[in-house]
Protein chains: 2
Amino acid sequence: MQTNQSQQPGQTLNGAESLVKTLLACGVDTCFANPGTSEMHFVAALDRIPGMRCVLGLFEGVVTGAADGYARMADKPAATLLHCGPGLANGLANLHNARRAQTPIVNIIGDQATYHRPLDAPLTADTEGWARPVSVWTRTAQRADQVGADAAAAVQAACAAPGGVASLILPSDVCWDEGGQVAAPLPPLSAPKVSPDAIEQAARWLRSGQPTLLVLAGTALREAPLADAHRIAAATDARLITPMSNARVSRGRGRFAVERVPYSGDAARARLAGIRQVILVGAPPPVTFFAYPGKSPRPYPEDAQVHVLARPEQDLADALARLADALGAPAVPVPDAVAPAGIAKGAVTSEAVAQTLSALLPEQAVVVEESVSFGRAFYPGTVHAAPHDWLQLTGGAIGAGLPLAVGAAVAVPDRRVVALQADGSGMYTVQSLWTMAREQLDVTVVVLANRKYAILLGELAGVGANPGKTALDMLDIGNPDLDWVKLAAGMGVEGARAVDMESFADLFAMANKRKGPFLIELVI
Amino acid sequence: MQTNQSQQPGQTLNGAESLVKTLLACGVDTCFANPGTSEMHFVAALDRIPGMRCVLGLFEGVVTGAADGYARMADKPAATLLHCGPGLANGLANLHNARRAQTPIVNIIGDQATYHRPLDAPLTADTEGWARPVSVWTRTAQRADQVGADAAAAVQAACAAPGGVASLILPSDVCWDEGGQVAAPLPPLSAPKVSPDAIEQAARWLRSGQPTLLVLAGTALREAPLADAHRIAAATDARLITPMSNARVSRGRGRFAVERVPYSGDAARARLAGIRQVILVGAPPPVTFFAYPGKSPRPYPEDAQVHVLARPEQDLADALARLADALGAPAVPVPDAVAPAGIAKGAVTSEAVAQTLSALLPEQAVVVEESVSFGRAFYPGTVHAAPHDWLQLTGGAIGAGLPLAVGAAVAVPDRRVVALQADGSGMYTVQSLWTMAREQLDVTVVVLANRKYAILLGELAGVGANPGKTALDMLDIGNPDLDWVKLAAGMGVEGARAVDMESFADLFAMANKRKGPFLIELVI
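In this text the structure is predicted, and so the values were computed from the model without any measurement. (Residues numbered from 1 in each chain as written. Chains lettered and ligands numbered in written order. Predicted model: local features only at pLDDT ≥ 70, side-chain atom pairs only at ≥ 80, totals over all residues. Heavy atoms only, no water.)

Colleague: For this particular structure, what's the right way to read the overall build of chain A?
Modeller: Check the secondary structure of chain A and you find 20 helices and 17 strands. Against the globule reference of 24 Å for 524 residues, chain A gives a C-alpha radius of gyration of 24 Å, in line with a compact fold. Seen through its principal axes, chain A has C-alpha atoms that stretch 65 × 60 × 45 Å. Burial analysis of chain A (524 residues in total) assigns 63% to the buried set. Long-range contacts, defined as pairs at least 24 residues apart, comprise 80% of the intrachain contacts of chain A with a sequence gap of at least 6. Roughly 16,900 Å² of accessible area belongs to chain A as shown, and the carbon and sulfur atoms make up 53% of that amount. (Helix = DSSP H or I, 4+ residues; strand = E, 2+ residues; numbered from the N terminus. Rg over C-alpha atoms; globule rule 2.2 N^0.38 Å. Buried < 20%, exposed > 50% of the residue type's maximum accessible area, 1.4 Å probe, protein only. Contact = heavy atoms within 4.5 Å. Areas by Shrake-Rupley, 256 points an atom, 1.4 Å probe, with all protein chains shown as cover.)

As structure tokens, then:
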């Protein structure tokens, strides 16, 4: 067993202590946690060993979503600490989102002792079975002297390009048994470069003169690769697009913009009519979110050719740079920013909110958007805002926004986080507000309170139904109205209500200057 | 395809309509729902077809826990309506509890269209894989003309003794395609009776003179079988016990009481020392909740014989009655009730709360207890309260209490529901309060606000750790304090805070007389 300097010769550790020391040695120094009985030795080890920041969530969906938001901004994984199968289950929806975001997470799940599990105590569940569908790597630790090595393998697996959830299940006896061995970090499995042939092939496709769509995802959405993608587009007339939802896009004034595939299949098909070639750069072939009777599930023409420049696990930035060079594409200047139109006044509309965001977004803000139906204007309308990163709901499992904001704020404490949060989805993980208050995170939460599942009303109309009372009742969350200012106060977060654009602008500007969290309920 | 009178000859239905009509024909007339896009045809069908009561939850854990509470009190299943794999995932923890409670639930999960699933759209997940560990029956519907039959099979599977979760996954095209066929109910798979040999064998064990423990669970905990169990105990000196946590116990004045296996392994082993025979009546062999280093996971002596009178799926009431007859055991009178000591005064203790509950619990109340550490005196201390049913957290997945209260209140609207709810676990499914307000359910919520994960502090001490700041911070939820009165107000539920037993008694008496919900934050 390889050990490193974290363990002194002759030092006796239990399994939990070797696990904590190994995580720290691997650079994992933040743990989002909701522990239970079976994790007490792990908690005790965190206590004895300095260096791990522990952030408590009052529900596991907060924990896993925060770990996602953290890694999106820190570009390295946090650990989670969950309690048994049901604790994992509560965190699965946001692990699903993390899987779609290709976020590295070291997902640690305390569980029954190895010899207790066959006795089928009340809390015993199929922990491995639930973990596997969201994980790139799943292992149940078996022995205290191996759990350090298990942890190093988990970190390596989580960070293997493009990133994913590595689930390490931790029976309690593996934690409390003596003989823990601290493991050295394993070599990173970084993104392989695409072959020269692939670059040449892509250059030929792009020179063919066919109307071509370049679909960018993952790390291709950072500042430098986007600039290279724009070189390619300028030299070949290829169109650039990203999926509707992305883990992180670097954008704003001084950066290249890129549009998204519209959510609506009809709008997307109209937008992509005439495309003959689709070239994928770390992206899957675009697909509509849902199927609709008699409509194509693909937003591009059925007979378009679909090519791959780079798979998600490959080095996307390198591929774009080399392809631009192969095309002899010169650098292109970033288009001049249009000066924001200033603060919007009057009635609250999606466009008005986007305008005010453009005017007031702090430099280097992190925008977490889970705005669902109302936010249609937010992304296009903030293209000239101050430079910022834009984080989205990647897997469609609502309830990601507030936890992502928690994690991002922990990862980049010198930047303001702005959470644009629909009310219906916000309720899924409303417990996040408490963690924001406890950790005094610099988050401005804007709750878009339409008091209905508005997107579903649109969908119901889309299926041709003329909704009656039963249907409307199932899509209306305004009886009774949620009072977000009281909910926030109940969890220690100050807040206020805005009912027009003037009061919104005042509150938004004030909130962004504060230390700690503030919630604005924007009635829409 | 067999059809019944719910479908008129020549009537054309889509799959969703045939599903709703089949559920109604099978006696399933309540649906706890959190629908999404893929369920819009189902929602439209619920709209067009009268007879199904739809109750909306703002989070799937509310939906599944409410379906559990409903069936525990209605003795028949409700349907759920969940949205895709992640929606199911959010409901899994309470489905785990329902599995442990052997609760019949028709668990319906809308999902991607059959032909859309292979395209791996963002929300696509391993819905079947997540459902299977909590389900007695899992099926993905394939065709509109078969989904009626699928639904009838799901109801049959859910109700097959002892009851369980039947998960029916519902691709959206199966809903919207025409050709739905309403299926007739399938014959119930009721509990088989134990064999005469098993009764005779058990009678011999009981006559052996060995110290014997009779472990009762499931339907053995209703009023009549408990009376027969007491006949057996009186005739043979056998001791009666139930698991620590049970789906439903009928108890209070005029009914026979039964003690529970203590939560603490040490206390349980002390209580059961000297037992030579364990006879199981619908119960698994008792096991401690967790393992602890060097301690037995069994609360009874390791060398005791374990026998089975009846398996959980057998007719437990019949088995107890026949066994009592075989033993020639005469009827025994219910012990005289001790008059409650009256309302407790002064400091808030577990015993004082139990005393006040005893004095003030309404006749035929439904008590939902998720009191975790503070509630140790509640069960023993309310044995002489007015007749009531006692519902518990059966699977250890916290966050069951408030949803169970929602479901119980929907099932038995003429009875008061009293939810004794620890604060830490209450936060898991705090969204339940909104459904209580919306449906104006007669629930008195008593939040036991100790502002810490108190049970974990005890566990941490139990592992010999002297907790430092990191550990204490992970177990303390009092920074910031949760304000439950504000949280309730934010979701439309009136509430007030009690800080001593006098104010608690006043609020509790007042709340139980109201229509609709009321929340008391009891600071402990």
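Colleague: I would appreciate a short explanation of the state of the cysteines in the present structure.
Modeller: Note: disulfide means a covalent bond formed between the sulfur atoms of two cysteine side chains. Under the definition given, this model contains zero disulfides over all chains. Residue Cys 26 of chain B stays outside any disulfide, its sulfur separated by 8.7 Å from that of Cys 159 of chain B, the closest cysteine. (Disulfide = S-S within 2.5 Å.)

Colleague: What is the right way to read the relation of the copies chain B and chain A from this model?
Modeller: In summary, the two copies of the chain are related to each other by a rotation about an axis coupled with a shift along it. If you rotate chain B by 180° and push it 0.0 Å along the axis, it lands on chain A with an RMSD of 0.0 Å. Here the transformation between the copies is reduced to the relation of a two-fold axis. Of the interface residues in chain B, 100% have counterparts in chain A that sit at the interface too, so the contact is made through matching surfaces. (Least-squares fit on C-alpha atoms with pLDDT ≥ 70 in both.)

Colleague: Honestly, the interface of chain B and chain A in this entry has me stumped. Any pointers?
Modeller: One widely used convention gives an interface's size as the accessible area the parts lose upon coming together. Contact with chain B, which involves 95 residues of that partner, is made by 95 residues of chain A. Surface buried jointly by chain B and chain A totals about 7,800 Å² across both partners, of which 67% is contributed by carbon and sulfur atoms. At the boundary of chain B and chain A, one finds two salt bridges. A salt bridge links Arg 100 of chain B to Asp 120 of chain A, with the nearest nitrogen and oxygen atoms 2.8 Å apart. Our count for the chain B to chain A interface comes out at 41 residue pairs in polar contact (both at pLDDT 80 or more). (Buried area = accessible area lost by both parts, 1.4 Å probe. Salt bridge = Lys/Arg side-chain N within 4 Å of Asp/Glu carboxyl O. Polar contact = N/O pair within 3.5 Å; in protein donor to acceptor, adjacent residues only side chain to side chain.)

Colleague: Can you walk me through the packing of helix 3 (residues 60-74) of chain A against helix 14 (residues 401-411) of chain A in this structure?
Modeller: All names here are of chain A. The N-to-C vectors of helix 3 and helix 14 enclose an angle of 45°; their axes lie 6 Å apart at closest approach. In this view, helix 3 runs oblique relative to helix 14, as classed from their interaxial angle. Between helix 3 and helix 14 lies a crossing of right-handed hand. In this structure, helix 3 uses Gly 61, Val 62, Gly 65, Ala 66, Asp 68, Gly 69, Tyr 70, Arg 72, Met 73 and Ala 74 to contact helix 14, whose residues at the interface are Pro 403, Leu 404, Val 406, Gly 407, Ala 408, Val 410 and Ala 411. Tallied by class, the residues present in the contact of helix 3 with helix 14 amount to eleven nonpolar, four polar and two charged. (Axes fitted to C-alpha atoms, helices over the stretch in contact; angles between N-to-C directions. Parallel < 35°, antiparallel > 145°, perpendicular 65-115°, else oblique. Left-handed = near helix turned anticlockwise from the far one by under 90°. Nonpolar A, V, L, I, M, F, W, Y, C, P; charged D, E, K, R; others polar.)

Colleague: Before we go on, may I ask you to explain helix 8 (residues 196-207) of chain B in this structure?
Modeller: Every α-helix carries 3.6 residues per turn, so stepping three or four residues along brings you back to the same face. All names here are of chain B. For helix 8, with twelve residues, the first-to-last C-alpha span of 17 Å sits near the 16 Å given by 1.5 Å per residue. Within helix 8, the full set of buried residues consists of Ala 198, Ile 199, Ala 202, Ala 203, Trp 205 and Leu 206. Looking down the long axis of helix 8, one finds its buried residues gathered within 160° of arc, a one-sided arrangement. Opposite its buried face, helix 8 presents the exposed residues Pro 196, Asp 197 and Arg 207, each directed more than 90 degrees away. Packed against the buried residues of helix 8 are strand 7 (212-216), helix 9 (223-236), strand 10 (277-281), strand 11 (305-310) and helix 11 (316-326). (Expected span 1.5 Å × (residues − 1). Arc of directions from axis to C-beta.)

Colleague: So what exactly am I meant to see when it comes to the sheet that holds strand 13 (residues 388-392) of chain A here?
Modeller: Whether parallel or antiparallel, the strands of a sheet pair through hydrogen bonds between backbone atoms. Residues and elements named next belong to chain A. Judged by pairing direction, the sheet is mixed, and its seven strands sit side by side in the order 9-13-12-14-15-17-16 without closing on themselves. Looking at the sheet topology across the chains shown, the edges are occupied by strand 9 (249-251) and strand 16 (495-498). Each neighbouring strand pair of the sheet contributes to a mean axis angle of 20°, computed without reference to strand direction. Here strand 9 runs beside strand 13; their pairing, made up of three bridges, is antiparallel. By the bridge assignment, Arg 251 is partnered in strand 13 with His 388. Most of the contacts of helix 14 go to strand 14 (residues 417-422), to which it runs at about 175°, and overall it touches strand 12 (365-370), strand 13, strand 14 and strand 15 (443-449). Its contacts with the sheet put helix 20 (residues 501-513) on strand 14, strand 15, strand 16 and strand 17 (518-523), and the angle it makes with strand 17 is roughly 165°. (Pairing = 2+ DSSP bridges.)

Colleague: Can you walk me through the domain arrangement of chain A in this structure?
Modeller: Residues and elements named next belong to chain A. Taken domain by domain, chain A consists of domain 1 (15-176), domain 2 (196-326) and domain 3 (350-523). Placing a centre on the C-alpha atoms of domain 2 and another on those of domain 3 gives a separation of 29 Å. With 17 residues of domain 2 in contact, the opposing surface of domain 3 contributes 22 residues. Buried area between domain 2 and domain 3, summed over both chains or domains, comes out near 1,700 Å², and the portion from carbon and sulfur atoms is 41%. (Domains from an automatic or database assignment.)

Colleague: Looking at this structure, I do not really get the pairing of strand 10 (residues 277-281) of chain A. What am I missing?
Modeller: In regular strands, side chains alternate between the two faces of the sheet. Residues and elements named next belong to chain A. Burial runs high along strand 10: five of the five residues are buried. Of the two faces of strand 10, the one holding Gln 277, Ile 279 and Val 281 and the one holding Val 278 and Leu 280 are both buried throughout. Looking at chain direction, strand 7 (residues 212-216) and strand 10 are connected through five bridges and run parallel. Residue pairing in the sheet places Thr 212 in a bridge with Gln 277 of strand 10. Pairing geometry for strand 10 and strand 11 (residues 305-310), over five bridges, is parallel. Bridge pairing links Gln 277 to Gln 305 in strand 11.

Colleague: So what exactly am I meant to see when it comes to the side chain of Arg 72 of chain A here?
Modeller: Residues and elements named next belong to chain A. Position of Arg 72 among the secondary structure elements: in helix 3. When its relative accessible area of 4% is taken as the criterion, Arg 72 is described as buried. Residues contacting Arg 72, with those up to four places away along its chain left out, are Asn 97, Ala 101, Thr 103, Arg 222, Asn 246, Ala 247, Arg 248, Leu 391, Gln 392, Thr 394 and Leu 404.

Colleague: I tried to follow the pairing of strand 2 (residues 53-56) of chain A on my own but got confused; where do I start?
Modeller: Residue and element names in this part refer to chain A. Alignment of strand 1 (residues 30-33) against strand 2, held across four bridges, turns out to be parallel. Bridging from a neighbouring strand, Phe 32 pairs with Val 55 of strand 2. Taking the sense of rotation as the criterion, the β-α-β connection linking strand 1, helix 2 (residues 40-48) and strand 2 turns out right-handed. (Right-handed = clockwise from strand over helix to strand, strands pointing away.)

Colleague: What am I meant to see in the side chain of Thr 212 of chain B here?
Modeller: As for its position among the elements, Thr 212 of chain B is in strand 7. Engagement of the side chain of Thr 212 of chain B in a polar contact is seen with the backbone oxygen of Gln 210 of chain B, the distance being 2.7 Å.

Colleague: How should I be thinking about the UniProt feature "domain: Thiamine pyrophosphate enzyme N-terminal TPP-binding" (unreviewed entry) in chain A in this particular structure?
Modeller: In the UniProt entry, the feature "domain: Thiamine pyrophosphate enzyme N-terminal TPP-binding" (unreviewed entry) is given for residues 14-118 of chain A. Secondary structure content for residues 14-118 of chain A is 50% helix and 19% strand, and the end C-alpha separation is 23 Å. (UniProt positions renumbered as here; feature names shortened; annotations may be inferred.)

Colleague: Explanation requested: the pattern of salt bridges in the structure shown.
Modeller: Where charged atoms of side chains with opposite charge meet at close range, the side chains can pair. Taken as a whole and judged by the stated rule, the model has 72 salt bridges over all chains. Where Asp 75 of chain B meets Arg 248 of chain B, a salt bridge forms, and the shortest distance between an N and an O atom there is 3.6 Å. On the criterion of sequence distance, the pair formed by Asp 75 of chain B in the loop between helix 3 (60-74) and strand 3 (79-83) and Arg 248 of chain B in the loop between strand 8 (239-241) and strand 9 (249-251) is long-range, its members being 173 residues apart. Linked through salt bridges whose partners overlap, the residues forming this network are Arg 451, Asp 481, Asp 483, Lys 486, Arg 497 and Glu 521 of chain A.

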